Amino acid sequence: MKRKDYISWDEYFMGIALLTAMRSKDDSSQVGACIVSPENKILSLGYNGMPIGCNDDDMPWEREGDPLDTKYMYVCHAELNAILNSAHSNLTGARVYVTLFPCNECAKAIIQSGIKEIIYYSDKYHDEPSSMASRRLFNMTGVKYRAYHPSGRELTLTV
Ligand SMILES: O=c1[nH]c(=O)n([C@H]2C[C@H](O)[C@@H](COP(=O)(O)O)O2)cc1CO
Ligand SMILES: [Zn+2]
């Protein structure tokens, strides 16, 4: 008999985005991205982190203060990392599962890469200009976006 309680594609890919986010060193927002082909093959993964070669322990992780001493100047966003990590793949027509709705800078990279759909978990910055600009860009370019509706199912991993 065919097994019934297997996870859906959406649970699988969002689950992987959530797992990937757990690698983040950012204390306030851990973000993960999972790019998937139209054939449901995983093309790339990324999370928010400092550029390669920067020592995490030497970088600022602050949100406020002198801009040069905040993380915002340096951290590479999850979506951008996922796109850059997939330099050898064609992302045309792909979709991306993200644990946080993309900012406008990531929206630009998403559009230029050919990704056609965003599935997002949190939308905690919905009313910020960066999210408003992203929606404007996605609406103009025909990139679809939809909220992920958690199934409520708990997945346990023993690692
Ligand atoms: O689209 C995004 N992708 C992404 O990786 N991030 C990262 C950058 C920062 O490390 C963190 C946001 O930090 P905070 O929530 O403290 O402002 O999330 C943030 C956004 C949108 O804000
Ligand atoms: Zn971003």
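Residues numbered from 1 in each chain as written. Chains lettered and ligands numbered in written order. Predicted model: local features only at pLDDT ≥ 70, side-chain atom pairs only at ≥ 80, totals over all residues. Heavy atoms only, no water.

1. Describing the pattern of salt bridges
Turning to step 1, where the next piece is worked out: By the definition in use, this model includes 6 salt bridges.
Turning to step 2, where the next piece is worked out: Across the pair Lys-25 and Asp-56 runs a salt bridge whose closest N-O atoms are separated by 3.5 Å. Of this pair, Lys-25 sits in the loop between helix H1 (9–21) and strand S1 (32–36) while Asp-56 sits in the loop between strand S2 (42–47) and helix H2 (78–85), and the two are 31 residues apart along the sequence.
Turning to step 3, where the next piece is worked out: For Lys-25, a relative accessible area of 36% corresponds to the partly exposed category. (Salt bridge = Lys/Arg side-chain N within 4 Å of Asp/Glu carboxyl O. Helix = DSSP H or I, 4+ residues; strand = E, 2+ residues; numbered from the N terminus. Buried < 20%, exposed > 50% of the residue type's maximum accessible area, 1.4 Å probe, protein only.)

2. Structural notes on helix H4 (residues 129–141)
Turning to step 1, where the next piece is worked out: In this model, H4 (13 residues) spans 18 Å end to end at C-alpha, consistent with the 18 Å of a helix rising 1.5 Å per residue.
Turning to step 2, where the next piece is worked out: Among the residues of H4, Ser-131, Ser-134, Arg-135 and Phe-138 are the ones counted as buried. Around the axis of H4, the buried residues are gathered within 95° of arc, so they sit on the same side. Across from the buried face of H4, at angles greater than 90 degrees, the exposed residues are Pro-129, Arg-136 and Met-140. (Expected span 1.5 Å × (residues − 1). Arc of directions from axis to C-beta.)

3. Looking at the sheet that holds strand S4 (residues 117–122)
Turning to step 1, where the next piece is worked out: Spatially, 5 strands are ordered S2-S1-S3-S4-S5 in an open sheet, and the strand pairing comes out mixed. Edge positions in the open sheet fall to S2 and strand S5 (144–147), since each of these has one partner strand only. In this sheet, neighbouring strand axes are inclined to one another by 15° on average, regardless of whether the strands run parallel or antiparallel.
Turning to step 2, where the next piece is worked out: Bridge count for S1 against strand S3 (residues 95–100) is 4 bridges, and the pairing is antiparallel. (Pairing = 2+ DSSP bridges. Axes fitted to C-alpha atoms, helices over the stretch in contact; angles between N-to-C directions.)

Geometry only, nothing functional implied.
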